[in-house]
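# Geometric and topological summary
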Amino acid sequence: MQIGLLTDSLSELTRAEALDTAVDLGVETVEIGLGGVHGGWSPAPHADLAELLDDGAARAALARDIGSRGLRLEAFNAAGNPLHPRHGERDAAVLRGALRLAEEFEIGTVVTMSGLPGYPGDTVPPWITTVWPPENLELLDYQWERAIDWWGPIADEARARGVRIAVEMHANQLVYNVPGLLRLRAAMGDVVGANFDPSHLIWMGADPLAAIRALDGAIHHVHAKDTRIEDRAAVASRLETVPNPRTGERAWNYVAVGTGHPDGVDFWVRFIAALRHAGYDGPLSIENEDYTLGQRESVALAVETLRAAQNLEEVR
């Protein structure tokens, strides 16, 4: 598996600086975030979606900037909530644009999220995680009906363009765990699979290695991103509303790959081995949201951890 990088992890740098840093650190593939002012959740520091869609020269420049450094463009990231009651059309346009660009660049994967609809009249989508009170399940049934209807044409478009959709299991989305991912995949076909990001599953209490096994053959992309459960979780639980930058007050934190688990690199050895057994041989795309380290320092630590894990996994 090659080591990749979601370049949003170096959002403080220009595109040229981020790509040069990726090469310096030993990264081999890149994932480019789209959206920014055009919608979605990526700040899109290294690509302008509208420009790329409208201007062949801009597309050629992006391809040249990546290829001339010996890097490979592996995926576009179109994270957002395309089913949001107010912002859904905006975020859906980012996803459709990403599918078109993936075909143009002849890359096979677009990373996104399932979205989460509201009930008619809602202005924000409710995330249902309990069976009580009884109306919760009624709303959840409605959300799934709405999602399946919406995703059908998107899956058809992706299939026609020769692009796979990698859905990230994320909080405040309809698909936040393995059963939800498999439910969407069963309805849409194998053009839809997982963007496997262990960090969210960790704080929600799932076992990433068990989740990988349950997704055998259904993983389209992987984010290498880590989470550390803090001592405060014993009292506060893992449900957290303290803003991410206030790391000392939180029950869990996103941290640099390799610093989230007591066994350090050994977790990532087992992570890589589980991915291999599940049929995944694509890149490990580093995503960094560590608020205690500088961006370059965090990405460098991630590369070091993943390289060491790969070497150990091969020996074992």
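Use the structure listed above.
To keep things clear, this report deals only with the structure shown in the data block. Because the structure is a prediction, the values reported are computed rather than measured.

Thresholds, definitions, all that
Residues numbered from 1 in each chain as written. Predicted model: local features only at pLDDT ≥ 70, side-chain atom pairs only at ≥ 80, totals over all residues. Heavy atoms only, no water. Helix = DSSP H or I, 4+ residues; strand = E, 2+ residues; numbered from the N terminus. Rg over C-alpha atoms; globule rule 2.2 N^0.38 Å. Buried < 20%, exposed > 50% of the residue type's maximum accessible area, 1.4 Å probe, protein only. Contact = heavy atoms within 4.5 Å. Areas by Shrake-Rupley, 256 points an atom, 1.4 Å probe, with all protein chains shown as cover. Lys, Arg positive; Asp, Glu negative; His and termini not counted. Charge placed at Lys NZ, Arg CZ, Asp CG, Glu CD. Axes fitted to C-alpha atoms, helices over the stretch in contact; angles between N-to-C directions. Left-handed = near helix turned anticlockwise from the far one by under 90°. Nonpolar A, V, L, I, M, F, W, Y, C, P; charged D, E, K, R; others polar. Phe/Tyr/Trp six-rings, centres within 6.5 Å; stacked < 30°, edge-to-face > 60°. Lys NZ or Arg CZ within 6 Å of the ring centre and 35° of its normal. Core = buried A, V, L, I, M, F, W, Y, C linked by side-chain atoms within 4.5 Å. Expected span 1.5 Å × (residues − 1). Arc of directions from axis to C-beta.

## Regarding the overall build of the chain
Scanning the chain from terminus to terminus reveals eleven helices and ten strands. In terms of C-alpha radius of gyration, the chain reaches 19 Å, essentially the compact-globule figure of 20 Å for 316 residues. Along the longest, intermediate and shortest principal axes, the C-alpha atoms of the chain span 55 × 50 × 35 Å. The buried share of the chain, reckoned over its 316 residues, is 54%. Counting contacts in the chain only where the partners sit at least 6 residues apart, residues at least 24 apart contribute 77% of the total. Carbon and sulfur atoms make up 50% of the accessible area of the chain, which amounts to about 13,400 Å² in all. The distance from the centre of the 27 positive side-chain charges to the centre of the 46 negative ones in the chain is 1 Å.

## Side note on the packing of helix H3 (residues 56-67) against helix H4 (residues 88-105)
Closest axis-to-axis distance for the H3/H4 pair is 12 Å, and the angle between their directions is 65°. As for how H3 packs across H4, the hand of that crossing is right-handed. For the pair H3 and H4, the contacting residues are Arg59, Leu62 and Ala63 in the first and Leu101, Glu104 and Phe105 in the second. Here the residues of the contact of H3 with H4 sort into four nonpolar, no polar and two charged.

## Quick notes on the packing of aromatic side chains
Going through the model one piece at a time under the given rule, you end up with ten aromatic pairs. Aromatic side chains Tyr119 and Tyr142 sit 5.1 Å apart centroid to centroid with 65° between the ring planes, which places their arrangement in the edge-to-face category. Taken together, the residues span a long stretch of sequence, with Tyr119 in the loop between strand S4 (109-112) and helix H5 (135-161) and Tyr142 in helix H5 at a distance of 23 residues. Using a relative accessible area of 46% as the deciding quantity, one classes Tyr119 as partly exposed. In this arrangement the basic side chain of Arg183 is found over the ring face of Trp144, its NZ or CZ atom lying 4.2 Å from the centre.

## What to know about the nonpolar core
Ranked by internal contacts, the top residues of the largest apolar core, which has 82 residues, are Phe76 and Phe196. Not counting residues up to four positions away in its chain, the partners in contact with Phe196 are Met169, Leu201, Pro208, Ala211, Ile212, Leu215, Ile219, His221, Val222, His223 and Phe271. Counting residues in each nonpolar core, the second largest holds six residues, with Trp203, Ala233, Ala251 and Trp252 among its members.

## Side note on the environment of Gly80
Mapped onto the elements, Gly80 comes out in the loop between strand S3 (72-77) and H4. Taking relative accessible area as the criterion, Gly80 reaches 2% and is therefore assigned buried. C-alpha of Gly80 to C-alpha of Gly115: the two residues are 35 residues apart in sequence and 6.9 Å apart in space. Residue contacts for Gly80: discarding those within four places in its chain leaves Gly40, Trp41, Asp91, Met113 and Gln173.

## Side note on helix H11 (residues 295-315)
Since one α-helical turn is 3.6 residues long, residues separated by three or four positions face the same way. Here H11 spans 31 Å end to end across 21 residues, near enough to the 30 Å set by a 1.5 Å rise per residue. For H11, the complete set of buried residues consists of Gln295, Ser298, Val299, Ala302, Val303, Thr305, Leu306, Ala309, Gln310 and Glu313. Buried residues of H11 fall within an arc of 170° about the axis and therefore sit on the same side. Across H11 from its buried face, at more than 90 degrees, point the exposed residues Glu304 and Val315.

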